[in-house]
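An overview of the molecular structure
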Number of protein chains: 2
Amino acid sequence: MKQTLQTLKGFRDIFPEEKRQRDFVLNKVREVFNVFGFEPIETPTLEYADLLLGKYGAEAEKLVYTFEDRGGRKIGLRYDQTVPTARILAQYRYNLPKFFRRYQIQNVFRADKPQKGRYREFTHCDIDIFGAQSALADAEILACIYQVYKNIGFKQIQLKINDRQTLFSTLEKFATDKVSVASLIQSVDKLDKQKIETVVRELAAKGLDQKQAESTIAQIQQTQPSKELSNIINLAEKLGVASNSIQLTPTLARGLDYYTGMIFEVIIPEYGSGSCGGGGRYDNLINELGGVEIPAVGFALGFARTVEAAIKLGLIPEVKNSAQVLVTVFDKKTRNYSLQVTKKLRKSGVKTEIYPEFDNLGKQLKLANQKNIPWVIIAGSDEVSTNTVALKDMESGEQKSVSLGDLTKLIK
Amino acid sequence: MKQTLQTLKGFRDIFPEEKRQRDFVLNKVREVFNVFGFEPIETPTLEYADLLLGKYGAEAEKLVYTFEDRGGRKIGLRYDQTVPTARILAQYRYNLPKFFRRYQIQNVFRADKPQKGRYREFTHCDIDIFGAQSALADAEILACIYQVYKNIGFKQIQLKINDRQTLFSTLEKFATDKVSVASLIQSVDKLDKQKIETVVRELAAKGLDQKQAESTIAQIQQTQPSKELSNIINLAEKLGVASNSIQLTPTLARGLDYYTGMIFEVIIPEYGSGSCGGGGRYDNLINELGGVEIPAVGFALGFARTVEAAIKLGLIPEVKNSAQVLVTVFDKKTRNYSLQVTKKLRKSGVKTEIYPEFDNLGKQLKLANQKNIPWVIIAGSDEVSTNTVALKDMESGEQKSVSLGDLTKLIK
C-alpha cells in the first residue's frame, strides 16, 4: 500500500526532549492560573462551522478549517478558545457562576501559510474573566499574565498596553471617504516596527494627503491614556506588576474584530520584538453570539513562542533522559534479581528502565549512552550472590558496589 | 446571524469540576509512565488520510474522520495513537534510540454512533515499547499498566490475558469454507458476556454444524497458555503485578487487525465488566507501514472509563471550588488594602480570587457560596485601620479577626 510517511505541511511531531520542555512551561503556567482562581475547562476540537465563521474578520476567516462530515453537517476545527467559550457562556448562562474565571489550554488550528516557527496546529493558554466590566478585572488579567512570565523565570517582561476606544475615537476624525478608520488603524499599528516615513507613505498611498498623514501619526503618538486605562494600570501595579514593565503604546491596535476596551501584548525584550501573546476586553462578543450581555476580558498566551523564549534564555532545566537509571539484564539466572531491583527503585519513585533483552554489558552501556541515562545498575551473578549491585556513573565512568538497601538513597 | 449554540452530536464540553477530576487521574497516570522510563511525544491531530486508512479493519475504517483540505489533500483526524507513532518509527528510524519507550496522551476521534458515555472525541493514554521482541517487554507493559491503576487507587484490578497466536492456531482447524477463522474469533470473543448456547447458535447460523460449534468452544475454553505467555506472566509478577490480578482468558480476541502475540484488557470488577483499556503485541505493523521490522508491544488506556471508575469508587478527592479564598472589595478607599492582601496570599501559593467589583458584603458572600469557596476574607475600613482582616469560614459561618502576618499560615 502506498503510504505518506510524513506529517502534513504545517504540522509536526513533538519529540520527548521538547515535550518535557513544554511540560515544564505548562506546569508553570497552570500553577499561576490556579493561584489566581481560574478554573480549567475544555471544549471539543470540532464545532459547527457557523459558530466559527463571521467571528474573526474576513482575513482570519480564510484560515478556519471547515469541512463537511458524513452527516452533511458543516463543521470546523477550533480556531481559538474564545469563541467556543463564548458559546458555553451563552449556552449555559443559567448554570455558570457570576464572574466566571476560566482557563483553557488546548490546541487551535489555522490554515495559515506555514513558515519558520509557525504551524497550523499550536497550543494556546487562555484566561478570561466573564461578567465583570470593572477595571479590576482587566488588572487581574494583566497581573496574572505578568506573574505567569515571572514564574517561568523571565526577568524582563514588557506589557504593551492601549485602549482601543481611545485609539478609535482619535483616528475617527482623520478618516475620509477614501480611508476608513479601520484602514487608518491598520497602518498606524505598523509604527511599532516601521519608520514614521514608511507609514506616512502608506497612508498617502491610501489617499490621505501628506500633511494629514503626518498629523494623524503625531496626534496618535501623543495620545494620553484614558482615565480608565490609567486606573487599570494602577490596579495592576498594586496586584504585583512592576511599573517599569508597563509600556503605554498609543499605536497598538491588535485584532480589530471584537476588542472594545483595553488591549495589550506581552513582549520578552531579550527574546525579540514579536509578541508572545495578547488580549484585551471584548464586551460585545457574547451578546453577538448568544443574545446575552456578558462583558469579558482575557488573554491568549502563544505557547510555542513562550517556550522558545524560555529555551533561548536558558530558563528550562535540561533533561535529555527520561530514565535516571538503566538496570542491566544478562541471563535467565540473574534476571529475577534485575527485576527485583527495578521494582524496588520504581517503588521509591526513581525513573527506571530495564534492559528488555539478554545482552552483553557493552551493548547495555551503549543504550544508556544513547538515551543519556546517567546511572547504570549492573546486576550480574557476582552481585546476586552478594546481594549488591554495581552502580556505574555514566559521566565519570566510575563504578562502585552498593548494597540494595543504600541504592535508592544514593540515586536520589 | 444564525448560530448553532450547541456542541456537535457526540462531542461535549468539560467543565471545571470534571476537568479537575481528569487532571487528578492524568497526573497519576503520567507519574507511573515516567517512573517506568517512558518518554512523552505528541503527534499532529491531522494526518494524511492514506496513513490512517487500511489499518484498523473494515468496520473501524468507517469511523475514521476523513476530509479534503483546501489544497485538495485527503486528510484525517487521529483515530488512535499507534498508527501515527508507527509513522514516526518508520520516518525517523535512524534517529530514535533502540528500545524506544514512548507515552502519548492525546485525543482521538471516531465517527462512532454516539451513546451514553461514548463520545466521538476522547482521550487515550498510550505506552509502547518498540524494538524488543522479548517476553520482558510484554511484562513491562503489563506491570506499568497494573501500577497505573494501583496508583490511581484501585484495589481490585483484573488483567485478562490471552495469546492471539494460540487462539488463531486453535481455531484454524475449525474454520470451513463458510466460516473463516476471523469470523470464528469474532463469535468466540463474545463468550465473555454471552451464554455458551447463544454463541453456539451464532456459530450455527454462520454455517457450522451444532456439534462442531460446541466442540470449538470447548476446545478454546480448555486451551492452555503458551510457554511464551506463561513466561510473560511470570515476569510481570516479578515486576509487581499481583498474581490474583491475572486472569488467563483463552476466548479473549481483541482487535484482530494488527495484534500478533499477547493481548490483554484491564477490568475493574467493582466498576463493571467492560474493559477500561487494552493492548498487546503487534510485530508487523511498523513493517507494513514503513518497510522496517520493529517489533512492538503496548497499551491504550481508555481515559474516560478509567476516570468514571475512579469517581464511582470514590478515589478522587472532591474539589468543587477553584479558589480557596475570596477577598472582598467594598469601595475605593479600602480597595488597595484588598489588593495587597490578595497579592500576599497568592505569593504564598494560596489560590485566591478577588471580587472584581464594589459590592455589599451579602453579594460577595453569595458569590463565595455559589463558587464553593471555603474562606472569605473581609477587608473593610475597620480592618484597614487595624491592619487585620476578618476571616470567615463559609461552612460554619464563624468569623474571626486575623493579623496579616498570621493569615497565610491559618489558611494553609
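Residues numbered from 1 in each chain as written. Chains lettered and ligands numbered in written order. Predicted model: local features only at pLDDT ≥ 70, side-chain atom pairs only at ≥ 80, totals over all residues. Heavy atoms only, no water.

1. Points about the overall build of chain A
- A tally of regular secondary structure across chain A gives 16 helices and 16 strands.
- Its C-alpha radius of gyration of 28 Å places chain A more than 25% over the 22 Å reference for a compact globule of 412 residues.
- Along the first, second and third principal axes, the C-alpha atoms of chain A reach 90 × 55 × 45 Å.
- Out of the 412 residues belonging to chain A, those deemed buried represent 57%.
- Taking the intrachain contacts of chain A between residues at least 6 apart in sequence as the baseline, contacts between residues at least 24 apart amount to 67%.
- With an accessible surface of roughly 17300 Å², chain A has 47% of that area assigned to carbon and sulfur atoms. (Helix = DSSP H or I, 4+ residues; strand = E, 2+ residues; numbered from the N terminus. Rg over C-alpha atoms; globule rule 2.2 N^0.38 Å. Buried < 20%, exposed > 50% of the residue type's maximum accessible area, 1.4 Å probe, protein only. Contact = heavy atoms within 4.5 Å. Areas by Shrake-Rupley, 256 points an atom, 1.4 Å probe, with all protein chains shown as cover.)

2. Thoughts on the relation of the copies chain A and chain B
- Note on the copies: chain A fits chain B at an RMSD of 0.1 Å, the axial shift is 0.0 Å, and the rotation between them is 180 degrees. What we have between these two chains is a two-fold relation. Within chain A, the C-alpha atom positioned nearest to the axis of rotation is that of Phe67(A), 3.3 Å from it. (Least-squares fit on C-alpha atoms with pLDDT ≥ 70 in both.)

3. Topic: the packing of aromatic side chains
- If you walk through the whole model with that rule in mind, you get 21 aromatic pairs over all chains.
- Both rings, one in Phe67(A) and one in Phe67(B), keep their centres 3.8 Å apart while their planes meet at 20 degrees; by these two values the pair is stacked. Taken together, the residues span two chains, with Phe67(A) in strand β3 (residues 66–68) and Phe67(B) in strand β3 (residues 66–68). Summarising the burial analysis for this pair, Phe67(A) and Phe67(B) share the class buried.
- Aromatic rings pair up to connect Phe11(A), Tyr65(A), Phe67(A), Phe11(B), Tyr65(B) and Phe67(B) into one cluster.
- Positioned above the aromatic ring of Phe36(A), the side-chain terminus of Arg346(B) is 3.8 Å from the ring centre. (Phe/Tyr/Trp six-rings, centres within 6.5 Å; stacked < 30°, edge-to-face > 60°. Lys NZ or Arg CZ within 6 Å of the ring centre and 35° of its normal.)

4. Some words on helix α4 (residues 82–91) of chain A
Residue and element names in this part refer to chain A.
- Burial within α4 is extensive, with 9 of its 10 residues counted as buried.
- Listing the buried residues of α4 in full gives Thr82, Val83, Pro84, Thr85, Ala86, Arg87, Ile88, Leu89 and Ala90.
- The inward-facing, buried residues of α4 abut β2 (46–48), α2 (49–52), β5 (101–109), β6 (121–130) and α11 (285–290).

5. Comments concerning the interface of chain A and chain B
- Of the residues lining the interface, 100 residues belong to chain A; the matching set on chain B comes to 100 residues.
- With both sides pooled, the region where chain A packs onto chain B buries about 8900 Å², and carbon together with sulfur makes up 58% of that total.
- Broken down residue by residue, the surface that chain A buries against chain B is led by Leu5(A), Leu8(A) and Glu42(A), which jointly contribute 8%.
- Between Arg87(B) and Asp13(A) there is a salt bridge, with its nearest N and O atoms 2.7 Å apart.
- At the junction of chain A and chain B, the tally comes to 26 residue pairs in polar contact (both at pLDDT 80 or more).
- Residue classes in the side of chain A that touches chain B are distributed as 44 nonpolar, 24 polar and 32 charged. (Buried area = accessible area lost by both parts, 1.4 Å probe. Salt bridge = Lys/Arg side-chain N within 4 Å of Asp/Glu carboxyl O. Polar contact = N/O pair within 3.5 Å; in protein donor to acceptor, adjacent residues only side chain to side chain. Nonpolar A, V, L, I, M, F, W, Y, C, P; charged D, E, K, R; others polar.)

6. Topic: the sheet that holds strand β1 (residues 39–40) of chain B
Residue and element names in this part refer to chain B.
- The strand order across the open sheet built from 8 strands is β1-β5-β6-β11-β10-β9-β7-β8, with neighbouring strands paired in mixed fashion. The strands lining the two open edges of the sheet, one partner per strand, are β1 and β8 (246–248).
- Summarising the sheet, strand β5 (residues 101–109) and strand β6 (residues 121–130) pair through 9 bridges and their orientation is antiparallel. Across the sheet, residue asparagine 107 finds its bridge partner in β6, namely threonine 123.
- Strands β5, β6, β7 (158–163), β9 (262–267), β10 (275–281) and β11 (296–302) of the sheet are contacted by helix α5 (residues 135–152), whose axis makes an angle of about 15 degrees with β11.
- Here helix α12 (residues 303–312) sits on the sheet in contact with β6, β10 and β11, set at roughly 50 degrees to β11. (Pairing = 2+ DSSP bridges. Axes fitted to C-alpha atoms, helices over the stretch in contact; angles between N-to-C directions.)

7. So, the packing of helix α1 (residues 16–35) of chain A against helix α5 (residues 135–152) of chain A
Residue and element names in this part refer to chain A.
- Two elements in contact, α1 and α5, have axes separated by 9 Å at closest approach and are oriented at 140 degrees. Judged by the inter-axis angle, α1 sits oblique to α5. Between α1 and α5 the crossing geometry is right-handed. Within the contact between the two elements, α1 uses Val25, Lys28, Val29, Glu31, Val32 and Phe33 and α5 uses Cys144, Ile145, Gln147, Val148, Asn151 and Ile152.
- Class assignment of the residues belonging to the contact of α1 with α5 gives a composition of 8 nonpolar, 2 polar and 2 charged. (Parallel < 35°, antiparallel > 145°, perpendicular 65-115°, else oblique. Left-handed = near helix turned anticlockwise from the far one by under 90°.)

8. Looking at helix α14 (residues 361–370) of chain B
All names here are of chain B.
- Inspection of α14 places Gln364, Leu365, Leu367 and Ala368 among the buried residues, and these make up the whole buried set. With its buried residues spanning 150 degrees around the axis, α14 presents them on a single face.
- At the N-terminal boundary of α14, the capping side chain belongs to asparagine 360, with an oxygen 3.2 Å from the backbone nitrogen of glycine 362.
- Directly after α14, the chain includes asparagine 372, whose backbone phi takes a positive value near 55 degrees. (Arc of directions from axis to C-beta.)

9. Looking at the pairing of β5(A)
All names here are of chain A.
- The buried fraction of β5 amounts to 9 of the 9 residues, a majority that puts the element mostly inside the structure.
- The sheet contact formed by strand β1 (residues 39–40) and β5 spans 2 bridges and is parallel. Paired with proline 40 across the strands is tyrosine 103, a residue of β5.

10. A look at the packing of helix α6 (residues 164–172) of chain B against helix α9 (residues 210–222) of chain B
Residue and element names in this part refer to chain B.
- α9 packs onto α6 with a crossing angle of 150 degrees between their chain directions and a minimal axis gap of 10 Å. Between α6 and α9, the angle falls in the class roughly antiparallel. α6 and α9 meet at a crossing whose hand is right-handed. Of α9, the residues touching α6 (which contributes Leu167, Thr170 and Leu171) are Thr216, Gln219 and Ile220.
- Partitioning the contact of α6 with α9 into residue classes produces 3 nonpolar, 3 polar and no charged.

11. Thoughts on the sheet that holds β3(B)
Residues and elements named next belong to chain B.
- Across the sheet, which stays open at both edges, the 3 strands sit in the order β2-β4-β3 with antiparallel pairing between neighbours. Pairing within the sheet leaves two strands with one partner each, and these edge strands are β2 (46–48) and β3. Taken over all neighbouring pairs, the strand axes of this sheet differ in orientation by 40 degrees on average, direction set aside.

12. A word on the side chain of Arg120(A)
- Mapped onto the fold, Arg120(A) is located in the loop between β5 and β6.
- Although Arg120(A) is buried, it forms no salt bridge, and the closest oppositely charged side chain is Asp69(B) at an N-O distance of 5.2 Å.
- In terms of polar contacts, Arg120(A) uses its side chain to reach the backbone carbonyl oxygen of Asp112(A), at 2.8 Å.
- When neighbours within four sequence positions are excluded, Arg120(A) is seen to be in contact with Lys9(A), Gly10(A), Phe11(A), Tyr65(A), Val108(A), Phe109(A), Arg110(A), Ala111(A), Asp112(A), Pro114(A) and Arg73(B). (Lys, Arg positive; Asp, Glu negative; His and termini not counted.)

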